[in-house]
Amino acid sequence: MLKFPDKFYWGTATSSYQVEGGIQNDWSRLSGGQATAGKNYDAGLACDHYNRFEEDFDLARSMNNNAHRFSIEWARIEPEEGKFDQNEIEHYRKIILALKQRGLEPFVTLYHWTLPVWFAEKGGWLNPEAPKYFEEFVGKIVLEYKDLVKFWITLNEPNIYTLESFLQGVWPPFRKNYCTMNKVLKQLALAHRLAYKKIHQISNQAQVGITSCNAWYRGITRIANYKWNHQFFGRIKDCQDFVGINYYFTQSVLGFLKLINVIKEKNKTDMGYLIVPEGIYHVLTSVRKYNRPIYIFENGLADAKDEKREKFIIDHLKWTHKAIEDGVDVRGYFHWSLIDNFEWDKGFEPRFGLIEIDRGNNLKRIPRESSKIYSEICKNNAINI
Ligand code: BGC
């Protein structure tokens, strides 16, 4: 038995556009014509989590979770510039209360990649005023929920978002320009810094940070390590109360690991990512230098058959435990994801859920076998190896 520290947070993570359904934003509007060939950007009904959140949180509770990470959709709260929708504000209040009633600590993401249409039309993050618009939205939200929420994650993965949207050009606004990507990264760092200060002006219990998709770089690929893993944290390091890590990737020199793993097919997820549990240890130890509590806000895999998830979870937690033993202050683990969801431009096929969503049967929720193991781990605050 490897025990985790007392008061460790165990949860799962989701994001609004990927699960809620019925959202009008810069992605959904691409349903007609504008989308790149063969891709669908409209999540439609998604998992209807907007209406079924209580059922979903009951499932999280039955997995012995004590926390949950979700995001608030800016486009719902401020569908038109400067006009805030009180009904939607009340909706998210219900969500937060539903979590608390079930003993799940809410961890709220304020930006998980999707934007209100009006903001996108103003140039989105490239608009010089963008950080101020974001600050205003954040101020409104925090004023509403400051007594209910302690943990605020301003931005989800600035590195992945800017790569996909501004360099590779596969997500809105489909730009392919290295300088533009860097400009947006700076805008996001500024947006975070403004939001950080705003949240602390309003709430005296707040803990504020971002979460970044950090990778383990091996061999000569380490040259990219600073740009991908540390540049953004460096820009906000005096404005974060915790460090958030999402771990999915390892990069290795000459594709060596890739080669070995292609031979042993079993080490890949349904999306073709290599499974390298040890990487989480290196990613965690590498952010110790920021001297803040660390949360793993995402870790998971696409595995429709649920053949690899159980081992995946245990192996990643084994390495997380080792990091903790070596003095890294890790305070929580959130598995991605609670339910199968809309995997961005890849649609509904990749299955990341501990709970399956049966899309052919009224979006029925069906717990996968691996959810039982996760449930045991959360109950015992320990893994059995
Ligand atoms: C994102 C999620 C996404 C997951 C799996 C993360 O980069 O934050 O929105 O679904 O990876 O690909």
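Preceding block: the structure.
Here the structure is a predicted model, which is why all the values come from computation and not from measurement. Along each chain, numbering runs from 1 in the same order as the chain's sequence is written. This being a predicted model, a pLDDT of at least 70 is required before a residue's local features are given, and a value of 80 or more before pairs of side-chain atoms are given or counted; all residues contribute to the totals for chains, interfaces and linings. Remark: hydrogens and water are excluded; side-chain values derive from all non-hydrogen atoms of the structure.

S.K.: Account for helix H11 (residues 278-286), naming residues and giving values.
M.R.: Those residues of H11 lying buried are Gly-279, Ile-280, Tyr-281, Val-283, Leu-284 and Thr-285. Along its buried surface, H11 packs onto strand E6 (207-217), strand E7 (243-251), strand E8 (294-299), helix H12 (309-325) and strand E9 (330-335). Exposure classes here rest on a 1.4 Å probe applied to the protein chains alone. A residue is buried below 20% of its type maximum, exposed above 50%, and partly exposed in between. Labels follow the DSSP assignment, with helices taken as runs of H or I lasting at least four residues and strands as runs of E lasting at least two, numbered in each case from the N terminus. Residues are treated as being in contact if the distance between any of their heavy atoms lies within 4.5 Å.

S.K.: Describe the site of the ligand, listing the residues and the values that go with them.
M.R.: What makes a residue near a molecule or strand is one non-hydrogen atom of that residue sitting within 4 Å of it. Surrounding the ligand, one finds Gln-18, His-112, Trp-113, Asn-156, Glu-157, Tyr-248, Glu-298, Trp-336, Glu-343, Trp-344 and Phe-352. His-112 has a polar side-chain atom sitting 2.9 Å from an oxygen atom of the ligand. If the ligand stood free it would expose 310 Å²; the protein chains cover 95% of that surface. Its residues assigned to classes, the shell around the ligand comprises five nonpolar, three polar and three charged. Counted as a polar contact is a pair of N or O atoms within 3.5 Å, where, for protein atoms, one must be capable of donating a hydrogen and the other of accepting one, and residues adjacent in sequence contribute only when both atoms are in side chains. Using a 1.4 Å probe, accessible areas were evaluated by the Shrake-Rupley method; residue-level cover was limited to the displayed protein chains. Gly falls in the polar group here, along with every residue not listed as nonpolar (Ala, Val, Leu, Ile, Met, Phe, Trp, Tyr, Cys, Pro) or charged (Asp, Glu, Lys, Arg).

S.K.: Which residues make up unusual backbone geometry, and what are the values?
M.R.: Of note, the amide linkage connecting Pro-172 to Pro-173 takes the cis form, showing an omega dihedral of 5°. The topology assignment puts Pro-173 in the loop between helix H7 (158-167) and helix H8 (178-202). Here the phi dihedral of Ala-46 falls at roughly 50°; this positive angle occurs in a residue that is not glycine. For Ala-46, the location among the structural elements is in the loop between helix H1 (16-19) and helix H2 (49-62).

S.K.: Give a detailed account of the side chain of His-192, specifying residues and quantitative values.
M.R.: Structurally, His-192 is set in helix H8. With relative accessibility at 0%, the residue His-192 sits in the buried group. In this structure the side chain of His-192 is engaged in a polar contact, spanning 2.6 Å, whose partner is the side chain of Thr-154. Those residues within four positions of His-192 in sequence are excluded, and the remaining contacts are Thr-154, Leu-155, Val-208, Gly-209, Ile-210, Ile-236 and Cys-239.

S.K.: Give me the lowdown on the nonpolar core, citing residues and values where you can.
M.R.: Within the largest apolar cluster, 126 residues are counted, with the highest numbers of intra-cluster contacts made by Trp-125, Phe-134 and Trp-152. It is H8 that provides the largest number of residues to this core, a total of nine residues. Among all residues touching Trp-125, those that are not within four sequence positions of it are Trp-74, Tyr-111, Leu-115, Phe-119, Ala-130, Pro-131, Phe-134, Tyr-161, Val-184, Gln-187, Leu-188 and Ala-191. Among the buried residues, those of types Ala, Val, Leu, Ile, Met, Phe, Trp, Tyr and Cys that are joined through side-chain atoms within 4.5 Å form a nonpolar core.

None of this, on its own, says anything about what the molecule does.
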